[in-house]
Amino acid sequence: MSPVVNLPPRRLTISVREARLIVERILLTLDIGSGYAPAVRDVVLTSQALGRAGFVGLADTDRQTSLRVGAAHLAKVSVQRYATYMAVTAPQLHAWLVLPIWLDQIVAKVRQDGSCECRIAGVTEPAELFAIVPHAARYGIRAVFDLDEEGGRVYAEAASGAEATMSNPCLQQALREGFDVAEAQWWPLYEASKKALSPDSVTSRRHAGPTIVQDDGTVIGRPPADDDTDIALLRHPH
């Protein structure tokens, strides 16, 4: 009898392009506005790069509910400006949703005054706010974040030298190396992302990509001479 061999779980290397596509589609299924989804998408990717909730967190149904509900209440985020600091309050909104708004306030203040202190309170999963540090770097801002009982606070200042031209270091590393993800964790996200797509039909196939194929076979748009588009299939899908 052959011995049982326990193979280690298979892992995948996911490119930034693929990760952005899948994550953004899922966010759209959670009713996060198409104009806001890209900002939240990159927060999720940064969370993954930092070893926090990331892709596994996005697959969690409770977190998905939190994101869906929170997306409809972003107007509840309030900003108070005091003499020496700013305060952002986001009652029971997920940190992923609030971080882009918080970042906007920080960037505006640093560009105006050179530095700022900004506190944030009320968010759920405040540990996800550590993503503010690499996101601020994208705007030439050096940030230090501290977690506290109410949420957290960040001290930010304009970077100088090489730091002033640095991009999000987490995404830069991912562009070079990809995201290392367990296969069992990735494919459920891939399947969930399909909910954002139109159902497969004669019409959806004829309107896919850079061309539209009308019922009479007329092609509208760029002639697909430089790709592998099968016009015959689009004209007569089975």
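A.B. asks: Give a detailed account of the nonpolar core, specifying residues and quantitative values.
C.D. replies: Core analysis: the biggest nonpolar cluster contains 55 residues, and Leu-27, Phe-55, Leu-58, Trp-102, Ile-106 and Phe-179 have the highest contact counts within it. With eleven residues, the single largest contributor to this core is helix H5 (residues 95-113). Discounting chain neighbours no more than four positions away, the residues touching Phe-179 are Leu-12, Thr-13, Ile-14, Ser-15, Val-16, Ala-19, Leu-45, Gln-48, Ala-49, Phe-55, Leu-171 and Ala-174.

A.B. asks: Report on the pattern of salt bridges, specifying residues and quantitative values.
C.D. replies: Applying the stated criterion across every chain, the model contains twelve salt bridges. Across the pair Arg-10 and Glu-183 runs a salt bridge whose closest N-O atoms are separated by 3.8 Å. Of this pair, Arg-10 sits in the segment before strand E1 (11-14) while Glu-183 sits in helix H8 (residues 183-193), and the two are 173 residues apart along the sequence. Accessibility expressed as a relative area gives 56% for Arg-10, which makes it exposed. Among the residues examined, Glu-183 registers a relative accessible area of 21% and is labelled partly exposed.

A.B. asks: So what's going on with the layout of surface pockets? Residues and values would help.
C.D. replies: Volume-wise, the largest pocket comes out at about 150 Å³. Pro-38, Ala-39, Asp-42, Val-43, Leu-99, Pro-100, Leu-103, Asp-104, His-135, Arg-138 and Tyr-139 are the residues that line the largest pocket. Secondary-structure elements contributing two or more residues to the lining of the largest pocket are helix H2 (37-49) and H5. Its residues assigned to classes, the lining of the largest pocket shows seven nonpolar, one polar and three charged.

A.B. asks: Tell me what's going on with the packing of aromatic side chains, and back it up with residues and numbers.
C.D. replies: For the coordinates displayed, the defined rule picks out six aromatic pairs. Their ring planes at 85 degrees and their centres at 4.8 Å tell us that Phe-130 and Phe-145 sit as a pair that is edge-to-face. With Phe-130 in the loop between strand E4 (115-121) and helix H6 (132-137) and Phe-145 in strand E5 (residues 141-147), this pair connects stretches of sequence that are 15 residues apart. Looking at Phe-130, the relative accessible area reads 28%, which means it is partly exposed.

A.B. asks: Describe the pairing of strand E6 (residues 151-158), with residues and values.
C.D. replies: Bridging between E4 and E6 involves seven bridges; their strand directions are antiparallel. Counterpart to Arg-119 in the pairing with E6 is Arg-153. With seven bridges joining them, E5 and E6 adopt antiparallel strand pairing. Bridge pairing in E6 places Ala-143 opposite Ala-156. Where E5 folds back onto E6 in an antiparallel hairpin, the turn is made up of three residues.

A.B. asks: Which residues make up the sheet that holds strand E2 (residues 78-81), and what values do they have?
C.D. replies: Here five strands make up an open sheet; going across it, the order is E2-E3-E4-E6-E5 and the pairing mixed. For this open sheet the edge positions go to E2 and E5, each flanked by a neighbour on one side alone. Along the sheet, successive strands turn relative to each other by an average axial angle of 20 degrees, direction set aside. Where E2 lies against strand E3 (residues 86-89), four bridges are found, and the strand directions are antiparallel. When the sheet's bridge partners are listed, Val-79 is paired in E3 with Val-88. The sheet strands contacting H5 are E2, E3, E4, E5 and E6, and the helix crosses E4 at an angle near 160 degrees.

A.B. asks: Could you give an account of the environment of Ile-32, naming the residues involved and the relevant values?
C.D. replies: Within the secondary structure, Ile-32 is located in the loop between helix H1 (16-29) and H2. Of the residues examined, Ile-32 reaches a relative accessible area of 3% and is grouped as buried. The residues contacting Ile-32, other than those within four sequence positions of it, are Leu-27, Ala-37, Leu-67, Ala-71 and Leu-97.

A.B. asks: Any details on helix H4 (residues 61-71)? Residues and values, ideally.
C.D. replies: By the burial criterion, the buried members of H4 are Arg-63, Leu-67 and Gly-70. Summarising the axial view, the buried residues of H4 lie within an arc of 75 degrees, below the 170-degree limit, and thus occupy one face. What points out from H4, more than 90 degrees from its buried face, is the exposed set Thr-61 and Asp-62. Packed against the buried residues of H4 are H1, helix H3 (54-59) and H5.

About the criteria used
Residues numbered from 1 in each chain as written. Predicted model: local features only at pLDDT ≥ 70, side-chain atom pairs only at ≥ 80, totals over all residues. Heavy atoms only, no water. Core = buried A, V, L, I, M, F, W, Y, C linked by side-chain atoms within 4.5 Å. Buried < 20%, exposed > 50% of the residue type's maximum accessible area, 1.4 Å probe, protein only. Helix = DSSP H or I, 4+ residues; strand = E, 2+ residues; numbered from the N terminus. Contact = heavy atoms within 4.5 Å. Salt bridge = Lys/Arg side-chain N within 4 Å of Asp/Glu carboxyl O. 1 Å grid on protein atoms, 1.4 Å probe; cavity = no way out; pocket = protein on both sides within 12 Å on 5 of 7 lines; lining within 4 Å. Points joined across faces, edges and corners; volume = space filled by probe spheres on them. Nonpolar A, V, L, I, M, F, W, Y, C, P; charged D, E, K, R; others polar. Phe/Tyr/Trp six-rings, centres within 6.5 Å; stacked < 30°, edge-to-face > 60°. Pairing = 2+ DSSP bridges. Axes fitted to C-alpha atoms, helices over the stretch in contact; angles between N-to-C directions. Arc of directions from axis to C-beta.

Any functional reading would require information that these geometric values do not contain.
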